[in-house]
Amino acid sequence: MSFQIEYIKPKLLNSGRISSWFTLRNQRLADEIENQKIQGLNLGLNTNEDDSVVHQNRSILMKDLGLTQNEIVFGNQIHKSDILVAEKAGIYADTDAFVTKTSGLALAIQVADCAAVLLGDEENGVIGAAHAGWRGAVDDIVPKVISRMKEAGAETNFIKVFISPSISQVNFEVGEEVAAQFPKQFVDFESQSKPHVNLKAFLKYQLLNSGILSVNIEIDEGCTISDENFYSYRRQKDKSGRMMGIIKLEEI
């Protein structure tokens, strides 16, 4: 490959037993793979791309990260709050979040405008990952992951969290029926003609209410709508690919 894949590396979740990454769009990958409908490192099987191309992209990614098919967990995400406690690699149906305490296993979440939320307790060897769009967020997917992590042995004071680039408040226009599902302090009803939701601030609020320490929360302020280094379904529609947040519990 003639160029290096670009990632965001969360500062709080890349030390000792935990490694993590968030992929960018990597538009230049279009020069590496023939017959792409969606250019770049599209990692989403739920996109307007041939599955064979997406699997090829995933293989390129895993090789770059030093992962194998036997080490990574994927979900067929459906914008709900179902959580799987994973013990082995695979692609799991109807799953938007994972928790594991299995060493050597990586959890993957694919997103465009939604947030990938990665969580890790290095002290107790438990990690989690969630696909948090507005539906999952209002259905408490992130607090539910924290509860599952605690059941697996994690302690709240040790859990560190990364919230990925996602749609920003200025671009997250919603209808009144969606706005009504969020606490009012996270909705701007006045600046524009329709309500706008601050998804990242709401997720932080949920984390704090779940007992996560503020110093253990890292939020990337990148907006998928305004920055073309990211895929965005709202901006690109059927031409949008998916990025991926990945967290791995390393072997001791």
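Anyway, here's the lowdown on the structure attached to this text. (Residues numbered from 1 in each chain as written. Predicted model: local features only at pLDDT ≥ 70, side-chain atom pairs only at ≥ 80, totals over all residues. Heavy atoms only, no water.)

With that settled, consider the pattern of salt bridges. Here the structure, examined in full by the defined rule, presents five salt bridges. Between Lys37 and Asp50 there is a salt bridge whose closest N-O contact spans 3.2 Å. On the criterion of sequence distance, the pair formed by Lys37 in the loop between β2 (18-23) and α1 (51-65) and Asp50 in the loop between β2 and α1 is long-range, its members being 13 residues apart. Of the charged contacts in the structure, one is a salt bridge between Glu250 and Lys248, with a shortest N-O distance of 3.4 Å. Given the relative accessible area of 22%, Glu250 is considered partly exposed. With a relative accessible area of 9%, Lys248 lands in the buried category. (Salt bridge = Lys/Arg side-chain N within 4 Å of Asp/Glu carboxyl O. Helix = DSSP H or I, 4+ residues; strand = E, 2+ residues; numbered from the N terminus. Buried < 20%, exposed > 50% of the residue type's maximum accessible area, 1.4 Å probe, protein only.)

What follows covers unusual backbone geometry. Residues other than glycine seldom take positive phi values, yet Asp94 does so here, at roughly 50°. Residue placement: Asp94 occurs in the loop between β5 (90-93) and β6 (97-100). Despite not being glycine, Asp140 shows a phi value in the positive range, around 65°. As for its placement among the helices and strands, Asp140 is situated in the loop between α2 (134-138) and α3 (141-151).

Our focus in this paragraph is helix α5 (residues 199-209). Taken as a whole, α5 has its buried residues at Leu199, Lys200, Phe202, Leu203, Gln206 and Leu207. The arc that holds every buried residue of α5, seen down its axis, measures 160°, which confines them to one face. Where α5 ends, the next residue or the one after it, Gly211, has phi of about 95°, a positive value. (Arc of directions from axis to C-beta.)

The next subject is the sheet that holds β5. Taken in spatial order, the six strands make up an open sheet running β1-β2-β14-β7-β3-β5, and their pairing is mixed. Where the open sheet ends on each side, the last strands, each with one partner, are β1 (7-8) and β5. Docked against the sheet, α1 engages β1, β2, β3 (72-76), β5, β7 (106-111) and β14 (243-249), running at close to 40° with respect to β14. (Pairing = 2+ DSSP bridges. Contact = heavy atoms within 4.5 Å. Axes fitted to C-alpha atoms, helices over the stretch in contact; angles between N-to-C directions.)

So, on to the side chain of Ser20. Looking at where Ser20 falls in the secondary structure, it is placed in strand β2. At 2.9 Å, the side chain of Ser20 forms a polar contact with the backbone oxygen of Leu13. Ser20 has contacts with Lys9, Pro10, Leu13, Asn14, Leu118, Ile246 and Ile247, leaving out every residue within four places of it along the chain. (Polar contact = N/O pair within 3.5 Å; in protein donor to acceptor, adjacent residues only side chain to side chain.)

Turning next to the sheet that holds strand β4 (residues 83-85). Strand order in the open sheet formed by six strands is β4-β6-β9-β8-β10-β13, and the pairing between neighbours is mixed. Either end of the sheet is taken by a strand with one partner, and the two such strands are β4 and β13 (217-219). Across the sheet, the mean angle from the axis of one strand to that of its neighbour is 10°, orientation sign disregarded. The pairing of β4 with β6 spans three bridges and is classified as parallel. Residue Val85 lies in a different strand from β6, and its bridge partner there is Val99. Seen against the sheet, α3 touches β4, β6, β8 (115-121) and β9 (126-132) and runs at an angle of roughly 165° to β9.

In short, the description is geometric, and any link to function would need to be established separately.
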